[in-house]
Amino acid sequence: MSGSAWSTAGDHRFDVNLSILFTELPLPARPAAAAAAGFEAVELWWPWADSPTPRQSELDALGEALQDAGVRLTGLNFYAGRLPGPDRGALSLPGEESERFRANVEVAAGFAGALGCTALNALYGNRVDGVDPAEQDALALENLVLAARAADRIGAVLLVEALNGPESPRYPLVSAPAAVGVVDKVNAATGLDNARFLMDLYHLAVNGENLPAVIDRYAAITGHVQIADNPGRGAPGTGSLPLEALLGRLREAGYDGWVGLEYKPGGRPSAEAFGWLPR
């Protein structure tokens, strides 16, 4: 690929993650920057890492920035602690963090619903020293059921993501089967069938998974896809992942949803990190 445009890029709907790209700009300026770069849709990690329940004025300001830019919000994380940073979610952590997650559920769903966002990502959370993993898993299921019901009320899917072990060694969902197993448990518990797998090809590649096999097995339960090249988590073409072929395989397997660009711009302005896309 090496910087050249993909021949099949037009077959996909790409959105840009404003929590990893355009971060050189203040949050309210990022939607317009994404629109100027040619994107019609964006996604976000929970933008207020220190607050699951920000002031309504902050929510309104971000919502207005998205609407004024004319970009659609296609995906939003629930509160996940300090991200980026040491945390990998809050919903399986007993005590205060779990309570913060629960306080966030209706806030995040309300914000997403007002903007027509149809995918909410719930990061599972790290293992905690001295706490039985089974206790964490039971709490996680309880909180994911709450989140799935909130997502259902706005016509959205609930996403469960597998991360990679080297970068997230205390996160228990570090394979596609582990994340899909949680998806299945949530769907069984709610009967809503709105929990889905978030297939992040970068994380799965770092884990050493067989990506074509993962695609063939799990495309039908996949609610969102994210990409970055590996190694380095840079733009397509900066590493060795055959992302164009992998996304083509996803299309053949029936996935026609959004593909989130969740990569680092690599020491240059974010607006210059899309040269691999046809204009």
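Small disclaimer: the values here were computed from a predicted structure and weren't measured. Here the residue numbering is sequential within each chain, running from 1 through the sequence in written order. Local features in this predicted model are restricted to residues whose pLDDT is 70 or higher, and side-chain atom pairs enter the listing and the counts only when it is 80 or higher, whereas totals over whole chains, interfaces and linings include all residues. To obtain the side-chain values, all non-hydrogen atoms of the structure were used and water was disregarded.

1. Side note on the pairing of strand S8 (residues 258-261)
Here is the rule we go by: Residue burial is assigned from relative accessible area. The probe radius is 1.4 Å, only protein chains are included, and a residue is buried under 20% of its type maximum, exposed over 50%, and partly exposed in between. Think of it this way: any DSSP run of H or I at least four residues long counts as a helix, any run of E at least two long counts as a strand, and we number them from the N terminus. Being paired, for any two strands, means DSSP has found at least two bridges between them. Whether a crossover is right-handed depends on one test, that the path from the first strand over the helix to the second runs clockwise when the strands point away from the viewer.
Judged by which residues are buried, S8 turns out to be covered on both faces: Trp258 and Gly260 on one side and Val259 and Leu261 on the other are all buried. As judged from the four bridges shared by strand S1 (residues 13-17) and S8, these two strands associate in the parallel manner. Across the sheet, the residue bridging to Arg13 is Trp258, located in S8. As defined by bridge partners, strand S7 (residues 222-227) adjoins S8 across three bridges and the pair is classed as parallel. In the strand pairing of S8, Val225 is matched with Val259. Read from S7 through helix H8 (residues 243-252) to S8, the crossover connection turns out right-handed.

2. Quick notes on the packing of helix H3 (residues 96-114) against helix H4 (residues 133-153)
Packed helices, taken two at a time, are described by the angle their axes make and the gap between the axes. Using the following cut-off: What counts as an axis is a line fitted to C-alpha atoms, over the stretch in contact for a helix, and the angles between N-to-C directions run from 0 to 180 degrees. By the definition adopted for this analysis, an angle is roughly parallel if under 35 degrees, roughly antiparallel if over 145, roughly perpendicular if from 65 to 115, and oblique otherwise. Any two residues whose heavy atoms approach within 4.5 Å at even a single point are treated as in contact. Throughout this entry, Asp, Glu, Lys and Arg are counted as charged residues, while Ala, Val, Leu, Ile, Met, Phe, Trp, Tyr, Cys and Pro are counted as nonpolar. The remaining residues, Gly among them, count as polar.
It is at 9 Å that the axes of H3 and H4 come closest, and there the two elements cross at 10°. The angle between H3 and H4 falls in the class roughly parallel. Across the interface between the two elements, Ser98, Phe101, Arg102, Val105, Glu106 and Ala109 of H3 pack against Leu139, Glu142, Asn143, Leu146, Ala147, Ala150 and Arg153 of H4. For the contact of H3 with H4, the class distribution of residues is seven nonpolar, two polar and four charged.

3. Some points on the side chain of Asn77
Stated formally: In the analysis that follows, any N or O atom pair within 3.5 Å is treated as a polar contact, provided that within protein one partner can donate a hydrogen and the other can accept it, and provided that, for residues neighboring in sequence, both atoms belong to side chains.
Structurally, Asn77 is set in strand S3 (residues 72-77). Within the local environment of Asn77, its side chain forms a polar contact with the side chain of Asn121, the two groups lying 3.2 Å apart. Leaving out residues up to four positions away in the same chain, Asn77 has contacts with Leu44, Trp45, Trp46, Leu83, Asn121 and Leu123.

4. Comments concerning the pairing of S1
Of all the five residues making up S1, four are buried; the element is thus mostly covered by neighbouring parts of the structure. Bridging between S1 and strand S2 (residues 41-44) involves two bridges; their strand directions are parallel. Counted as the bridge partner of Asn17 is Glu43 from S2.

5. Topic: the packing of H4 against helix H5 (residues 176-190)
What counts here: Left-handed describes a crossing whose near helix is turned anticlockwise from the far helix by less than a right angle; the clockwise case is right-handed.
Between H4 and H5, the least distance of the axes is 10 Å, while the angle of their chain directions is 65°. Compared by their axis directions, H4 and H5 come out roughly perpendicular. As H4 packs across H5, the resulting crossing turns out to be right-handed. Each of Leu141, Leu144, Val145, Ala148 and Arg149 in H4 lies in contact with H5, whose residues at this interface are Val182, Lys185, Val186, Ala189 and Thr190. Partitioning the contact of H4 with H5 into residue classes produces seven nonpolar, one polar and two charged.

Keep in mind that these numbers describe shape and distance, not what the molecule does.
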